[in-house]
Amino acid sequence: MDNLIVEKIKKELEHFSPETETAEVGRVIVAGDGVAEILGLEKAVMAEMVLFDESEGVALEKALHAKKPLYGLVLNLEEESVRVIILGDANRVHEGMPVKRMGKVLSLPVGEGLVGRVVNSLGEAIDGKGEIKSSTDYAIERQASGVMDRQSVNTPIHTGIKAIDAMIPIGRGQRELIIGDRFTGKTTIAIDTILNQKNEPKETRPICIYVAIGQKESKTARIVAELEERGAMEYTIVVSAPASASAALQFLAPYAGAAIGEYFMDKGGDALVVFDDLSKQAVAYRQLSLLLRRPPGREAYPGDIFYLHSRLLERSAKLSKEKGGGSLTALPIIETQEGDVSAYIPTNVISITDGQIYLDTDLFNRGTKPAINVGLSVSRVGSAAQTKAMKKVAGKLRLELAQFRELEAFVQFAQDLDSDTKARIESGYRLSELLKQDKSVPRNFDRQVPALYAGINGFFNAVPVEKIGEAEEKLLSFLDTHHPEIFSALQSDKELTEVTEQKLKDALESFTKTHNELFTIES
Amino acid sequence: MTHAAQYALSLHELEKGKSSREQKALVSSLVALLKRKGHFTLLPTILKEYEKYRERESDHDIVKLFLARESDRASFAKEIKAELFTRGVKKEPKVVFDATLVGGFKLKHRDTVLDASYKTQLIALYQKMISV
């Protein structure tokens, strides 16, 4: 081992050619709160990286053992000076410190080496598993793909959540917002979506990127542990900018996640990126903007807060065949206050995205999980990408549930209702119950279709509402044991053909007969 | 820009091209103005900021040559001369000794720094080797 190192050093020394280096250097005149003002650097450009040179006046021995290099990002170009955000420990910066222009915009290493790793906003490993080897760098800020480089969304990304896949389908390349108050299950939906990708064949499985912005480190650690335990880390990358990280790193984290995703998209693959959450990123950006002395606007956010999110989410795309046909799907998360979707940041992001999944506190408290408010949730492009099988069962589901919600108000007058209305209400209760799903148990679409088919076609009408969940479980295990060909047919055809539908009907009939204990309500 | 820096910049810009008598009058006017506006306590900070502006301006056109030791001046005379010629600098550089450079030289002209010091190159070599 020692010989190997000595040989390597010898080689390095033999080939080492001392080079002079010319750089444009400025000096820190003011530093504090993660922001530094630098005099000089007249040719600096927006979003350029700068290096704080800590070696000046320091003895060689000490300089060799210095910490990692400290970088900054130019965000304000002023008449006399430039203002930069410090990407690291701001306490290391002091007045008079030399600052070098790097001549490149902020970029981070990307590639397959990142898969299964936890990194910070600069792409540095923070999971203690060693350095990440990567030969490609991608700019954190990049212009989104143009119109001619795109094609319309045509492939679904299955979340594994029945209510979403059936009624608010998401396509690869779409931007679907997950919005709701705190503790309504926003992160759960995102994580379940990541977990469900395990059901996808390896060739079409998207690389998932979970970007944690301003989260508690314990929460991120819990998520990573769950992903690891369920084997999902083998196709997932976690970008973490916790609450303890500087505002600069929290502001940059979503862009880093998008850049990592773009690498896989450019290679013709699919990527899914979850931004958890953009409200915290907006707060971090507001803090930076105020420290950079930019004029505050509504709720003290700077004037370009809309652009902050639009330029990020616009990077999601389904690329044209000529460009490789890759896709980058975005699931941004926004936390509302007291269910107010008309606040500044929520309305901004709602208008940027291609739909939203609205999570309701009342539904959550009533035990409806996932607490999706179907009335306020929408997917603007995803239905074009829905599989035919799901389309067939889901078309009726939305309508039935909408009618149920209208009629639900009359439940208190149950005695005066006609039998048809009563039947619709009863069916509505069952369908709502069927759409309930525990966390961390995403279902592949081939398992969702038979369950929803049974619900829509009244096979569960004789099952008491509280036993719907149990009936669904038993039905799926019954099909698994006696009719696995139904699942494989759905998997291969992605369609509920007449033959498969007939098989499913027959299977449901025999399930009804063999499970009398569930069907206790007489018609 | 802080309030004190704004006063300092104003003073610095107004005093340009003025005689020493006019400059003295300018300072008296500044003191009177500060008293009237209730900003007199800023005076020490204003003077500090003013010094910085003066220093920056006087530094602006000076070419600084950083060396680890006197003997290096002769050892690198050829390289230094070539660099000064490339940059079109005709003035004699101001020499500053910095023992931490280990060897080689550093040349600073306006915002540009040419670093040919041993220290930087040794650090680069070290970084390269530990990343192998």
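All of these numbers come straight from a predicted model, not from anything done at the bench.

J.: I tried to follow the overall build of chain A on my own but got confused; where do I start?
T.: In terms of helices and strands, chain A carries 16 helices and 17 strands. Dimensions of chain A, computed from the C-alpha atoms along their principal axes, are close to 90 × 60 × 45 Å. Within the span of chain A, comprising 523 residues, buried residues form 54% of the whole. Of the roughly 23,600 Å² that chain A leaves accessible, carbon and sulfur atoms contribute 51%.

J.: Would you take a moment to explain the overall build of chain B for this structure?
T.: Looking only at helices and strands, chain B has six helices and four strands in total. In sequence order, the secondary structure elements of chain B are arranged as α-α-α-β-α-α-β-β-β-α. Reported as C-alpha extents along the three principal axes, the dimensions of chain B are approximately 65 × 40 × 25 Å. Across the 132 residues in chain B, those meeting the buried criterion constitute 36%. Of all intrachain contacts in chain B linking residues separated by at least 6 positions in sequence, the fraction that spans at least 24 positions is 67%. Of the roughly 8,400 Å² of accessible surface on chain B, 57% is carried by carbon and sulfur atoms.

J.: Explain the packing of aromatic side chains to me, please; I cannot follow it from the model alone.
T.: What characterises a pair of aromatic rings is the spacing of the ring centres plus the angle enclosed by the ring planes. All names here are of chain A. Taken as a whole, this structure holds 10 aromatic pairs over all chains when the rule is applied. Summarising the aromatic geometry, the rings of F511 and F519 are spaced 6.0 Å apart at their centres and angled 80° between planes, so their arrangement reads as edge-to-face. The class of F511 is buried, set by a relative accessible area of 1%. Three or more aromatic residues link up through ring pairs in this structure, and these residues are Y138, Y263 and F264. Here the basic side chain of R311 rests over the ring of Y307, its NZ or CZ set 4.9 Å away from the ring centre.

J.: Looking at this model, I keep getting lost on the interface of chain B and chain A. Mind explaining?
T.: Interfaces are often described in size by the accessible area the parts lose on coming together. On the side of chain A, 30 residues touch chain B, which itself brings 22 residues to the contact. Between chain B and chain A, a total of about 2,400 Å² is buried, with carbon and sulfur atoms accounting for 59% of that surface. At the junction of chain B with chain A, the criterion picks out one salt bridge. Among the secondary structure elements, those contributing two or more residues to the side of chain B that touches chain A are α3 (43-60), β4 (112-117) and α6 (118-130) of chain B. Tallying contributions element by element places α6(B) first for the side of chain B that touches chain A, with eight residues. Relative to β4(B), strand β1 (residues 21-32) of chain A runs antiparallel, the two sharing four bridges. Within the sheet, the bridge partner assigned to A:T22 lies in β4(B) and is B:L114.

J.: Is there a simple way to explain the side chain of A:T193 in this structure?
T.: Residue and element names in this part refer to chain A. You can see T193 is positioned in helix α4 (residues 186-196). Classification of T193 by relative accessible area gives buried; the value is 0%. Among the polar contacts listed, one links the side chain of T193 to the backbone oxygen of I189, at a separation of 2.7 Å. Here T193 is in contact with H158, T159, L272 and L331, once residues within four sequence places are set aside.

J.: Can you walk me through unusual backbone geometry in this structure?
T.: Residues other than glycine predominantly adopt negative phi, and peptide bonds predominantly adopt the trans conformation. Residues and elements named next belong to chain A. Cis geometry is adopted by the peptide bond preceding D277, which originates at D276 and carries an omega value of -5°. Mapped onto the elements, D277 comes out in the loop between β13 (270-276) and α7 (278-291). A positive phi angle is found at L41, which is not glycine, with a value near 50°. Within the element layout of this structure, L41 appears in the loop between β2 (35-39) and β3 (48-52).

J.: I tried to follow a positive patch on the surface on my own but got confused; where do I start?
T.: The grouping of A:R182, A:K216, A:R222 and A:K439 at the surface amounts to a positive patch. When its relative accessible area of 56% is taken as the criterion, A:K439 is described as exposed.

J.: What am I meant to see in α7(A) here?
T.: Note on helix geometry: an α-helix contains 3.6 residues per turn, so any two residues three or four positions apart are oriented the same way. All names here are of chain A. Between its terminal C-alpha atoms α7 stretches 20 Å, which fits the 20 Å expected from 14 residues at 1.5 Å a residue. Three or more residues of α7 are buried, namely L278, S279, Q281, A282, A284, Y285, L288 and S289. Capping the start of α7, D277 holds a side-chain oxygen 2.9 Å from the backbone nitrogen of S279, two or three residues further along. Looking one or two residues past α7, R293 carries a phi angle of roughly 60°, positive in sign.

J.: I would appreciate a short explanation of the domain arrangement of chain B in the present structure.
T.: Per the domain assignment, the segments making up chain B are domain 1 (3-59) and domain 2 (63-131). Each of domain 1 of chain B and domain 2 of chain B has a C-alpha centre, and the two are 36 Å apart.

J.: Where do I start with the pairing of strand β4 (residues 70-77) of chain A in this structure?
T.: Walk down a regular strand and you will see the side chains alternate between the two sheet faces. Residues and elements named next belong to chain A. Along β4, six of the eight residues are buried, which leaves the element largely enclosed by surrounding structure. In the sheet, β3 pairs with β4 via four bridges, with the strands oriented antiparallel. The partner of V50 across the bridge, within β4, is G72. Both β4 and strand β5 (residues 81-87) contribute to a ladder of six bridges, which runs antiparallel. Within β5, the position partnered with L77 by the bridge is V82.

J.: How do you make sense of the nonpolar core when you look at a structure like this?
T.: For soluble globular proteins, nonpolar side chains are generally found buried alongside one another. Residue and element names in this part refer to chain A. Counting 135 residues, the largest nonpolar core has I85, I194 and I260 as the members making the most contacts within it. The biggest single contributor to this core is helix α6 (residues 247-266), with 14 residues. In contact with I194, not counting residues within four places along its chain, are C208, Y210, L227, A232, Y235, T236, L272 and V274. Grouped together as the second largest cluster of nonpolar side chains are 15 residues, L70, V82, V93 and M97 included.

Calculation criteria
Residues numbered from 1 in each chain as written. Chains lettered and ligands numbered in written order. Predicted model: local features only at pLDDT ≥ 70, side-chain atom pairs only at ≥ 80, totals over all residues. Heavy atoms only, no water. Helix = DSSP H or I, 4+ residues; strand = E, 2+ residues; numbered from the N terminus. Buried < 20%, exposed > 50% of the residue type's maximum accessible area, 1.4 Å probe, protein only. Areas by Shrake-Rupley, 256 points an atom, 1.4 Å probe, with all protein chains shown as cover. Contact = heavy atoms within 4.5 Å. Phe/Tyr/Trp six-rings, centres within 6.5 Å; stacked < 30°, edge-to-face > 60°. Lys NZ or Arg CZ within 6 Å of the ring centre and 35° of its normal. Buried area = accessible area lost by both parts, 1.4 Å probe. Salt bridge = Lys/Arg side-chain N within 4 Å of Asp/Glu carboxyl O. Pairing = 2+ DSSP bridges. Polar contact = N/O pair within 3.5 Å; in protein donor to acceptor, adjacent residues only side chain to side chain. Patch = residues over 30% accessible without salt bridge, like charges linked within 9 Å, V, L, I, M, F, W, Y side chains within 5 Å. Lys, Arg positive; Asp, Glu negative; His and termini not counted. Charge placed at Lys NZ, Arg CZ, Asp CG, Glu CD. Expected span 1.5 Å × (residues − 1). Domains from an automatic or database assignment. Core = buried A, V, L, I, M, F, W, Y, C linked by side-chain atoms within 4.5 Å.

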